Amino acid sequence: TGIGKCVALELARRNARTILACRSRERGQAAVEEIQAATGNPMVLLRLLDTSSLASVRAFAQAVLREEKRLDVLVNNAGLTGLPFTITPEGLEQTFTTNYLGPFLLTNLLLG
């Protein structure tokens, strides 16, 4: 939704192979189908990613590096606010992990 969906829509309009990295399979698939229908670009793909989980970030990065020949643009747009203080299963504060640590790790893993 929001900025991320708008960016993905514009990239797809420009015929880019576009990967939507989403926590929710259902919401992500709905966005993929909407963007494909609006742009006619069948190369809009869904991959699951939860930036509050460093294990999820590592798995996503490994899959992208394995499946994609190259990566030209990365847009880190995940974020949340206003949640109660929560510790992730990895022992990290959830908001900080989702908004900063996860995207930072993802960027560094994809840089190669």
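This section reports on the structure supplied with the text. The numbers attached to residues start from 1 for each chain and follow its sequence in the written order. Local features in this predicted model are restricted to residues of pLDDT 70 or higher, and side-chain atom pairs are both shown and tallied only at a pLDDT of 80 or more, whereas totals for entire chains, interfaces and linings draw on every residue. Note: side-chain values were computed over all heavy atoms of the structure, leaving out hydrogens and water.

Turning to the overall build of the protein, a few remarks are in order. Helix and strand labels come from DSSP, where a helix needs a run of H or I of at least four residues and a strand needs a run of E of at least two; each type is numbered from the N terminus. Secondary structure summary: the protein contains 4 helices and 2 strands in total. When the elements of the protein are put in sequence order from the N terminus, they spell out α-β-α-β-α-α. The C-alpha extent of the protein, read off along each of the three principal axes, is 45 × 30 × 20 Å. Looking at the 112 residues of the protein, the share that counts as buried comes to 30%. In the protein, 65% of the contacts between residues at least 6 apart in sequence involve partners at least 24 apart. Per-residue and other accessible areas were derived by the Shrake-Rupley procedure at a 1.4 Å probe size, with only the shown protein chains allowed to occlude residues. Taken as a whole, the protein presents about 7,300 Å² of accessible surface, with 56% of it coming from carbon and sulfur. When charges are counted, Lys and Arg are positive and Asp and Glu negative, with His and the chain ends excluded. Positions of charges follow a simple convention, taking NZ of Lys, CZ of Arg, CG of Asp or CD of Glu. Separation of charge centres in the protein, based on 12 positive and 10 negative side chains, amounts to 5 Å. We call a residue buried when its accessible area falls under 20% of the maximum for its residue type, exposed when it is over 50%, and partly exposed in between, using a 1.4 Å probe and counting protein chains only. We call two residues contacting when some pair of their heavy atoms lies within 4.5 Å.

What follows deals with helix 4 (residues 94-111). Helix span, expected: 1.5 Å multiplied by one less than the number of residues in the helix. Under the 1.5 Å per step criterion, the end-to-end length of helix 4 is 24 Å for 18 residues, consistent within 8% with the ideal 26 Å. Those residues of helix 4 hidden inside the fold are in contact with helix 3 (54-67). A positive backbone phi angle near 75 degrees is found at Gly112, which sits one or two residues after helix 4.

Time to look at the pairing of strand 2 (residues 44-48). Only when DSSP finds a minimum of two bridges between them are two strands counted as paired. By the bridge criterion, 5 bridges tie strand 1 (residues 18-22) to strand 2 in an arrangement that is parallel. For Leu20, the partnering residue across the bridge sits in strand 2 and is Leu46. Look down the strands so they point away from you; if the path from the first strand over the helix to the second goes clockwise, the crossover is right-handed. Taking the sense of rotation as the criterion, the β-α-β connection linking strand 1, helix 2 (residues 25-39) and strand 2 turns out right-handed.

Patch membership is restricted to residues that have no salt bridge and whose relative accessible area is over 30%. Joining uses 9 Å for like charges and 5 Å for the nonpolar side chains Val, Leu, Ile, Met, Phe, Trp and Tyr. We define a salt bridge as a contact between a side-chain nitrogen of Lys or Arg and a carboxyl oxygen of Asp or Glu at a distance within 4 Å. Taken together, the side chains of Phe96, Tyr100 and Phe104 make up a nonpolar region of the molecular surface, amounting to roughly 330 Å² of accessible area. The residue Phe104 is located in helix 4 in this model.

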